[in-house]
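Listed below are the residues making up each chain.
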Amino acid sequence: MSNFKEIEAFVSVAAKGSLSAAARADGVTPAMMGRRVDALEERLGVKLLLRTTRKLSLTFEGSAFLEDCQRILNDLANAEASVSLGGVKASGHIKVSAPAGFGRRHVAPLIRDFLRTHADVSCSLDLSDRLVDLVNEGVDCAIRIGELSDSSLVSVRLADNRRVVVASPEYLARCGMPATPDDLTRHDCLSLDPQRGWVFADPETPGKTRTIKVSGRFECNDGTVLHEWALGGIGMAWRSMWEVERDLASGALVSVLDSFAAPPTGIYALFPQNRRLPLRVRLLIDHLRGCLGRPDYWRGGA
């Protein structure tokens, strides 16, 4: 049995949630689809899927392997498209969704530059912090930050996203510098949702994180406002580097507790698993990854 067929079967079953649905899509029997997944697990020596009569779910190893497999299948489709399309120019309309703050600062300028070099492509950009339904809302590509949970979508990692605790020099002069995350209980913390807490690396358990519940006099459900409050010396904020890097470079904000920073999460481009990726969308994703993936892009304070 082809190793490639086994991987295709695993990705299809994970995306569709059942052997029968994946089998119907591939035109084979559920038993055949099951044998392909079994052969893949036996070859790898690890369980990828947990199957019961009622439910199918991914193991931890299966989740990690799925992301790699989706990327490989996507890269293969892109390679085939590059050969078959030859000199065909990208054209048509792209609908893109992105988080509001990140979209304004980074996605919108990069799309503008992309459209300048692809005159036959148009784009509508939806900036919203809600999780859009790509299939039902006709979205070609969504930009998301943080951990991903929807295995029916193909993800392409564009860049790392690090979060830091920041405060103005004025605030630190007035209230002092925290030495450990536990010291935050004595500070005014500016938070979107204090109940969720701020995440830090656990120095006692390498690779693990711990969440610190924070509190303060000011709360807001808009990250831009929290950023402005931090600049104004009202309190400390836990913000993404893409938002505060220019302020750190200028000295308007100072990062604290850097040695306790949690591992970075990702900035991703997502698109539906069962949708053939048009050339225009593939080129846009390549453009975003090429820019956001460069260290000098972030050092330039874009």
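Let us look at the structure shown here. (Residues numbered from 1 in each chain as written. Predicted model: local features only at pLDDT ≥ 70, side-chain atom pairs only at ≥ 80, totals over all residues. Heavy atoms only, no water.)

Details of the overall build of the chain
Here is step 1 of the chain: Across its full length, the chain carries 10 helices and 13 strands.
Here is step 2 of the chain: Expressed as a percentage of the 302 residues in the chain, the buried residues total 41%.
Here is step 3 of the chain: Long-range contacts, defined here as pairs at least 24 residues apart, represent 73% of the contacts in the chain between residues at least 6 apart.
Here is step 4 of the chain: Carbon and sulfur atoms provide 51% of the accessible area of the chain, an area that totals close to 15600 Å².
Here is step 5 of the chain: Seen as two clouds, the 38 positive and the 37 negative side-chain charges of the chain have centres 4 Å apart. (Helix = DSSP H or I, 4+ residues; strand = E, 2+ residues; numbered from the N terminus. Buried < 20%, exposed > 50% of the residue type's maximum accessible area, 1.4 Å probe, protein only. Contact = heavy atoms within 4.5 Å. Areas by Shrake-Rupley, 256 points an atom, 1.4 Å probe, with all protein chains shown as cover. Lys, Arg positive; Asp, Glu negative; His and termini not counted. Charge placed at Lys NZ, Arg CZ, Asp CG, Glu CD.)

Focus: the nonpolar core
Here is step 1 of the chain: In terms of nonpolar packing, the biggest core is built from 30 residues, with Phe-102, Ile-143, Leu-158, Ile-285, Leu-292 and Trp-298 touching the most fellow members.
Here is step 2 of the chain: Counting only elements with at least two residues in this core, the list comes to strand S3 (92-98), helix H5 (100-117), strand S5 (141-145), strand S6 (153-161), strand S13 (265-272), helix H9 (279-292) and helix H10 (295-299).
Here is step 3 of the chain: With sequence-adjacent residues up to four places away left out, Leu-292 is seen in contact with Phe-102, His-106, Leu-110, Leu-158, Ala-159, Tyr-297 and Trp-298.
Here is step 4 of the chain: Counting residues in each nonpolar core, the second largest holds 16 residues, with Met-33, Leu-49, Leu-66 and Cys-69 among its members. (Core = buried A, V, L, I, M, F, W, Y, C linked by side-chain atoms within 4.5 Å.)

Notes on the sheet that holds strand S12 (residues 254-256)
Here is step 1 of the chain: An order of S8-S11-S7-S12 is seen for the 4 strands of this open sheet, with the pairing classed as mixed. At either margin of the open sheet sits one strand with a lone partner, and together these are strand S8 (189-190) and S12.
Here is step 2 of the chain: In terms of strand pairing, S8 meets strand S11 (residues 236-240) through 2 bridges, oriented parallel. Within the sheet, the bridge partner assigned to Cys-189 lies in S11 and is Met-236.
Here is step 3 of the chain: Against the sheet, helix H7 (residues 223-231) makes contact with S8 and S11, and its axis sits at roughly 130 degrees relative to S11, the strand it touches most.
Here is step 4 of the chain: Each of strand S7 (163-167), S11 and S12 is contacted by helix H8 (residues 241-250), which is oriented at about 115 degrees to S11, the strand it contacts most. (Pairing = 2+ DSSP bridges. Axes fitted to C-alpha atoms, helices over the stretch in contact; angles between N-to-C directions.)

Some points on helix H1 (residues 3-16)
Here is step 1 of the chain: For H1, spanning 14 residues, the distance from its first C-alpha to its last is 20 Å, which sits close to the expected 20 Å at 1.5 Å a residue.
Here is step 2 of the chain: Buried residues of H1: Glu-6, Ala-9, Phe-10, Val-11, Ser-12, Val-13 and Ala-14, and no others.
Here is step 3 of the chain: Trailing H1 by a residue or two, Gly-17 shows a phi angle of about 85 degrees, which is positive. (Expected span 1.5 Å × (residues − 1).)

Details of the pairing of S3
Here is step 1 of the chain: Pairing analysis gives 7 bridges linking S3 to strand S4 (residues 121-127), with the strands arranged parallel. By the bridge assignment for S4, His-93 is matched with Ser-122.
Here is step 2 of the chain: Alignment of S3 against S5, held across 2 bridges, turns out to be parallel. When the bridges of S5 are listed, Val-96 appears paired with Cys-141.

Comments concerning the sheet that holds S3
Here is step 1 of the chain: Reading across from one edge, S4-S3-S5-S13-S6 is the order of the 5 strands in this open sheet, with mixed pairing throughout. Looking along the sheet, the strands with just one partner apiece sit at the ends: S4 and S6. When the angles between neighbouring strand axes are averaged without regard to direction, this sheet yields 20 degrees.
Here is step 2 of the chain: Each of S3, S4, S5, S6 and S13 touches H9; the most contacted strand, S6, lies at about 20 degrees to it.

Considerations on the packing of aromatic side chains
Here is step 1 of the chain: If you walk through the whole model with that rule in mind, you get 4 aromatic pairs.
Here is step 2 of the chain: Plain terms: the ring middles of Trp-198 and Trp-238 are 6.4 Å apart, the flat faces sit at 25 degrees to each other, and that makes the pair stacked. Highlighted residues: Trp-198 in strand S9 (residues 198-201) and Trp-238 in strand S11, separated in sequence by 40 residues.
Here is step 3 of the chain: Positioned over the ring face of Trp-238 is Arg-163, at 4.0 Å from the centre of the ring. (Phe/Tyr/Trp six-rings, centres within 6.5 Å; stacked < 30°, edge-to-face > 60°. Lys NZ or Arg CZ within 6 Å of the ring centre and 35° of its normal.)

Examining the pattern of salt bridges
Here is step 1 of the chain: Evaluation of the coordinates by the stated rule reveals 15 salt bridges.
Here is step 2 of the chain: Salt-bridge contacts for Arg-239 lead to Glu-243; the nearest nitrogen and oxygen are separated by 2.9 Å.
Here is step 3 of the chain: Under the relative-accessibility criterion, Glu-243 is labelled buried at 5%.
Here is step 4 of the chain: Here the residues in one salt-bridge network are Asp-38, Glu-41, Lys-47 and Arg-51, joined through shared partners. (Salt bridge = Lys/Arg side-chain N within 4 Å of Asp/Glu carboxyl O.)

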